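# Close look at the chain arrangement
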Amino acid sequence: MSTTATTPAPRPLSPARTLATAVRVLRQLRHDPRTIALLLIVPVLMITLLRYVFDASPQTFDAIGASLLGIFPLITMFLVTSIATLRERTSGTLERLLAMPLGKGDLIAGYALAFGAVAVAQSVLATALSVWVLGLDVVGSPWLLLLVALLDALLGTALGLFVSAFAASEFQAVQFMPAVIFPQLLLCGLFTPRDRMHPVLEAVSNVMPMSYAVDGMNQVLTHTDVTTDFYRDILIVAGCALLVLCLGAATLRRRTG
Amino acid sequence: MMNSQGVAPPGAVEARALTVERGDRTVLRSLDFTVEPGRITGLLGPSGCGKSTLMRAVVGTQAKVGGTLDVLGLPAGHPALRPRVGYVTQAPSVYSDLTVRQNLDYFAAVLLPGRAHRDSRRETVTRVIQDVDLTTRADALAGNLSGGQLSRVSLAVALLGTPELLVLDEPTVGLDPVLRRDLWNLFHTLAADRGTTILVSSHVMDEAERCHRLLLMREGTVLAADTPDALRTRTGSATIEEAFLHLVDEAAATARKEATR
Ligand SMILES: Nc1ncnc2c1ncn2[C@@H]1O[C@H](COP(=O)(O)OP(=O)(O)O)[C@@H](O)[C@H]1O
Ligand SMILES: [Mg+2]
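Overview of the structure. (Residues numbered from 1 in each chain as written. Chains lettered and ligands numbered in written order. Predicted model: local features only at pLDDT ≥ 70, side-chain atom pairs only at ≥ 80, totals over all residues. Heavy atoms only, no water.)

## Comments concerning the interface of chain A and chain B
One frequently used descriptor of interface size is the decrease in accessible area upon assembly of the parts. If you look at the interface, chain A gives 33 residues, while chain B gives 40 residues. Interface area for chain A against chain B, summed over the two sides, is near 3200 Å², with a carbon-plus-sulfur share of 56%. Where chain A meets chain B, there are 3 salt bridges. There are 18 residue pairs in polar contact (both at pLDDT 80 or more) connecting chain A and chain B. For the side of chain A that touches chain B, the secondary structure elements donating two or more residues are helix 1 (15–30), helix 3 (58–90) and helix 4 (93–98) of chain A. Here the element with the most residues in the side of chain A that touches chain B is helix 1 of chain A; it accounts for 8 residues. (Contact = heavy atoms within 4.5 Å. Buried area = accessible area lost by both parts, 1.4 Å probe. Salt bridge = Lys/Arg side-chain N within 4 Å of Asp/Glu carboxyl O. Polar contact = N/O pair within 3.5 Å; in protein donor to acceptor, adjacent residues only side chain to side chain. Helix = DSSP H or I, 4+ residues; strand = E, 2+ residues; numbered from the N terminus.)

Right under this line is the structure:
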């Protein structure tokens, strides 16, 4: 068998195919109104819950609330993407698509676009409610909160896509959530500032993308202007998302056993 | 029928010493065969003999393929073949949470992207829905269709792009006889009018008579490749099923002779 067959010619991203894929993913979601409702309402409920848990200490609500606004999109998009792409792999539609003139980049960008749009809707709701109803005290611009939330969603999509390659069933895919997300959740600075952790853990937290997602949120929370730290944070989150998306692309094999 | 430009047309599919490994087993052993262009070739053999594996090799989704396998003059799996080859997997591969039309809209947009083609895409989608007789179910969710209807949606996807080679993995399994006849008529129309080469598999021998040529397979090897008539004459059998049994016995006898020598 000639080797050229296994290395498809590099092809540029096709905007039309990417868009068609995003529309398709959103149409699938539209046939599942319960998932849409959960995606949009759960963050709103949790942040409301949090507000009254910390009824007596608004400062704590500010810090944890802002962090959560960054963590929700990451976790939900991780779950949604890992299940969606796992289904794509097991239902044979991935095999069919890759035997068609669809670039891997088109498929991945299509997913990122669709779930990015869902994340924007989710974050707009949660952020608006937090800032205007629940009294979350943000010094910086709420738009920046949205930007970080969107990047977090992309990171979640990227991670979900990547781990779906290692899951044989939806049960396994769901189990990747505690494996991939929980350690980051514990170390991201949500519970304790990262510089007060054991030095080893702090070092570990320094290489975990969620730490920068939460950091970025806190920068917006406490600074009127866009700080250099904020730029660093969003660049790291965006860079990680891109890197993991490329790793995810490498797991989409045209030829399988 | 042969739409090539004067030169002696090569087979639509040419396999030489084609070998495929899956897991640690050799599933196809050194196959040599040719699929003639513009004709319907039936790939017949019992379940597990390697029909799906062979088809996956032809469309370029099978890993660990050894030997030579050329499709439409290019190595199997070549990117340039993707728009030219239509493939229907054995299990229906469509989105169960989309309607029939939404499924086809998406795959049509992959084959023929862009706003400029929107009208021709809509026409094509309507045509293939008619071809597989699902017009009344076009707006039903694929997940709510019966097994036979679902496999027809899967088939419709492969008909979208007017492919030169159609690879169909057991497309008529579980369909009622009337529909089966209609689909076979459709395959013959495609071969006659558009010169489409069709490679279609089945584990049911009575579909053999509908093919121009047959590849009889058993346990990863090709027992025989010929027209249904020639196969029956050569083996002195009344049906393809008998011919198949005859060929299996013949092969077993040869193997025994070699073993005792
Ligand atoms: N994913 C796989 N990994 C390992 N072996 C496989 C796999 N799929 C099929 N096989 C084996 O390959 C052989 C041929 O399978 P297949 O091509 O599906 O046969 P058919 O389509 O004729 O029923 C069978 O013995 C089957 O057990
Ligand atoms: Mg099969």
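## So, the side chain of Thr197(B)
Residues and elements named next belong to chain B. Relative to the helices and strands, Thr197 is located in strand 8 (residues 197–202). In this structure Thr197 comes out as buried when scored by relative accessible area, which is 3%. Excluding residues that lie within four positions of it along the chain, Thr197 makes contacts with Ala12, Val35, Glu36, Pro37, Gly38, Arg39, Glu164, Leu165 and Leu166. (Buried < 20%, exposed > 50% of the residue type's maximum accessible area, 1.4 Å probe, protein only.)

## Overview of the nonpolar core
The biggest cluster of nonpolar side chains holds 117 residues, and the ones touching the most others in it are Ile71(A), Leu97(A), Leu104(B) and Tyr106(B). Element by element, the count of residues in this core is highest for helix 3 of chain A, at 12 residues. Ranked by size, the runner-up nonpolar core spans 30 residues in total, among them Leu28(B), Leu31(B), Leu43(B) and Val59(B). (Core = buried A, V, L, I, M, F, W, Y, C linked by side-chain atoms within 4.5 Å.)

## Some details on the packing of aromatic side chains
Applying the stated rule across the entire model yields 7 aromatic pairs over all chains. Consider the rings of Phe162(A) and Phe166(A), whose centres lie 5.2 Å apart with planes at 70°: the pair is edge-to-face. With a centroid separation of 5.4 Å and an interplanar angle of 75°, the aromatic rings of Trp184(B) and Phe187(B) are classed as edge-to-face. With Trp184(B) and Phe187(B) both in helix 5 (residues 177–194), this residue pair falls 3 residues apart, about one helical turn. For Arg51(A), the ring lying beneath its charged end belongs to Tyr52(A), and the centroid distance is 4.8 Å. (Phe/Tyr/Trp six-rings, centres within 6.5 Å; stacked < 30°, edge-to-face > 60°. Lys NZ or Arg CZ within 6 Å of the ring centre and 35° of its normal.)

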